[in-house]
Amino acid sequence: MAFTLPSLPYDFNALEPHIDARTMEIHHGKHHAAYVNNLNAATKDTPLENMSLEELMAGISRYSMAVRNNGGGHYNHSLFWELMTPGGAGSPQGALAAAIDEAFGSYDGFKAAFANAATTRFGSGWAWLVKNPDGTLVISSTPNQDNPLMDVAEVKGKPVLGIDVWEHAYYLNYQNRRPDYINAFFNVINWTKVAALFEA
Ligand code: MN3
């Protein structure tokens, strides 16, 4: 199999009470696993099966919707698990904090803009903190399993933080209260990982 489901870097219940264990178990073991299986089926015996996810994203407009949806799903979720950690980790420091202040005025300004993008994404999708090639930051959102690495994205760049706002990410615990889930997400952000992505 060309693409494989990564292990969660923590237990299913490790993000409670912010994200419940049952949601994590289904989200990782069913939803993410399905994206991986469907991506393998869609790329089997084609040159795509040997490409990296980043390579796939960069040329996604040339491939099938199955590759776009499931390749995006695999990339997005693989990143998403790494962007969270039990109890959260640290806060923006150094160059990352300076870039946040420059783009959004303050951490609170960033938080409000990110939450707004996540709240107002209609239907299923993601909100992102994106690093531009010049090192500045911008917030965007994408529908379905699209992401800023895709050549079809309205805002293109390197995602350094993202939140899944598909209902499967929060409905068991939060039902229709997406804003409550978004607020809770800020408690589990792995800023050490975000900073590493920003500085890489
Ligand atoms: Mn999801």
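What counts and how
- Residues numbered from 1 in each chain as written.
- Predicted model: local features only at pLDDT ≥ 70, side-chain atom pairs only at ≥ 80, totals over all residues.
- Heavy atoms only, no water.
- Phe/Tyr/Trp six-rings, centres within 6.5 Å; stacked < 30°, edge-to-face > 60°.
- Helix = DSSP H or I, 4+ residues; strand = E, 2+ residues; numbered from the N terminus.
- Buried < 20%, exposed > 50% of the residue type's maximum accessible area, 1.4 Å probe, protein only.
- Pairing = 2+ DSSP bridges.
- Axes fitted to C-alpha atoms, helices over the stretch in contact; angles between N-to-C directions.

J.: Help me understand the packing of aromatic side chains, please; the structure alone is not making it clear to me.
T.: When we look at a pair of aromatic rings, we describe it by the centre distance and by the angle of the planes. This model, assessed by the stated rule, comprises 15 aromatic pairs. Ring centres of Y107 and F110 lie 5.7 Å apart, and the angle between their planes is 50°; this geometry places the pair in the tilted category. Of this pair, Y107 and F110 both sit in helix 5 (residues 107-120), three residues apart, roughly one helical turn. Judged by relative accessible area, Y107 falls into the partly exposed class, the value being 29%. A relative accessible area of 0% means that F110 is categorised as buried. Look at F110 and W191: their rings are 5.8 Å apart centre to centre, the planes differ by 75°, and that puts the pair in the edge-to-face class. Of the two residues, F110 is situated in helix 5 and W191 in helix 8 (residues 191-199); the sequence distance between them amounts to 81 residues. Taken together, F80, W81, F104, Y107, F110, F114, W126, W128, F185, F186 and W191 form an aromatic cluster joined through their ring pairs.

J.: How should I be thinking about the sheet that holds strand 3 (residues 158-164) in this particular structure?
T.: For sheets, the rule is that strands pair by backbone hydrogen bonds, running either parallel or antiparallel. Strands sit in the order 2-1-3 across an open sheet of three strands; the sheet is antiparallel. One side of each edge strand has no neighbouring strand; the edge strands of this open sheet are strand 2 (137-143) and strand 3. The average angle at which neighbouring strand axes cross in this sheet is 25°, direction not considered. The pairing of strand 1 (residues 125-131) with strand 3 spans six bridges and is antiparallel. The residue bridging V130 from the neighbouring strand is P159, located in strand 3.

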